[in-house]
Amino acid sequence: MSEQTFLFADLAGFTALTEHHGDDEAAELALGFADASRELLDCYGAREIKTIGDAIFVRSPDPAGAIRLGLRIATDVGERHGFPMVRVGMHTGPAVERDGDWFGATVNLASRVSAEATAGQVLLTERTSRAAGPIAEVELQPRGRRVLRNVEEPVVLLEAVAKGSTTAEGLSIDPVCKMAVDPAHEAGRLLYEDRVFHFCSLDCAAAFSADPVRHAS
């Protein structure tokens, strides 16, 4: 049974986005995210398995390619103004294919790693790192040993970071809907406890004003 690298990518803060922008806009963003991610797959020899809500599930026979793909999804797709940031997780190992879907402990662990990632992060297991080997343009930074849900032993995780790249640090995150906001195109901003908050819409600014304690943390 050949090894595959399984990658899950989804929209961070999707529940908050749905709550404040409605089901229709959230659905359109999820579809747009999947379409934008699909456009990158062929470049890295990866194949889509399926979409699950706001997540896309992908496999690749090339772990180094999967890491590069994860970074492209997190940056090219997830660092756009007016779009939620993305989190990515992956794991490498054997799995079973049935009717175009894939099953097994490797797939389950990849899903758990994705759930552990925060907005903008690309996390991978030690096994994926070993399988990929050195990647000239990528730095793998240790993120410690984590206890993951329904996984018996703690798992060592690493974060993939593009060498010499600028990250999303220049983008603000709307504290209400969690959408990325380019300050040059914001709908509004508010000062609260010496912090400046940027908003994608006036509705989000109003929601923040109504309950700043809830949203500022």
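All residue numbers refer to position in the chain's written sequence, counted from 1. With the structure being a predicted model, the display of local features is reserved for residues of pLDDT at least 70 and the display and counting of side-chain atom pairs for 80 or more, all residues being used for whole-chain, interface and lining totals. Side-chain calculation: all heavy atoms of the structure are included, whereas hydrogens and water are not.

Undergrad: What am I meant to see in the sheet that holds strand β4 (residues 86-93) here?
TA: Hydrogen bonds between backbone groups are what pair the strands of a sheet, and the pairing can be parallel or antiparallel. Taken in spatial order, the seven strands line up as β2-β3-β1-β4-β7-β9-β8 in an open sheet, and their pairing is mixed. This sheet does not close on itself; its edge strands, each paired only once, are β2 (47-52) and β8 (138-146). Each strand of the sheet is rotated relative to its neighbour by a mean of 25°, with strand direction disregarded. Two strands qualify as a pair provided DSSP detects at least 2 bridges between them. Runs of E in the DSSP output that reach at least two residues are strands. Runs of H or I that reach at least four are helices, and both are numbered from the N terminus. Two strands pair when backbone bridges link them, and strand β1 (residues 4-11) and strand β3 (residues 55-60) are joined in this way by five bridges, in the antiparallel orientation. Paired with A9 across the two strands is I56, which belongs to β3. Axes here refer to lines fitted to C-alpha atoms; in helices the fit is confined to the stretch in contact. Angles between the N-to-C directions go from 0 to 180 degrees.

Undergrad: I would appreciate a short explanation of helix α2 (residues 23-41) in the present structure.
TA: A turn of α-helix holds 3.6 residues, and therefore any two residues three or four places apart point the same way. Helix length check: α2, at 19 residues, gives a terminal C-alpha distance of 27 Å against a target of 27 Å (1.5 Å per residue), a fit within 8%. A26, L29, A30, F33, A34, A36, S37, L40 and L41 are the residues of α2 that are buried. Buried positions in α2, seen along its axis, are confined to an arc of 165° and lie on one side of it. Exposed positions of α2 whose direction lies more than 90 degrees from the buried face are D24, E28, L31 and E39. Multiply 1.5 Å by the residue count of a helix minus one, and that product is the helix's expected span. Only protein chains enter the accessibility calculation, which uses a 1.4 Å probe; a residue is then buried when its area is under 20% of its type maximum, exposed when over 50%, and partly exposed in between. What the arc covers is the set of directions going from the helix axis to the C-beta atoms.

Undergrad: Could you clarify how one ought to interpret unusual backbone geometry in this entry?
TA: Trans peptide bonds make up most of the peptide bonds, and negative phi angles are found at most residues other than glycine. For D99, which is not a glycine, the phi torsion comes out positive at approximately 55°. By the element assignment, D99 lies in the loop between β5 (96-98) and β6 (101-103). Unusually for a residue other than glycine, E193 sits at a positive phi of about 50°. Along the chain, E193 turns up in the loop between β12 (188-192) and β13 (195-199). Exposure remark for E193: the relative accessible area of 62% places this residue in the exposed category.

Purely geometric numbers; function is a separate question.
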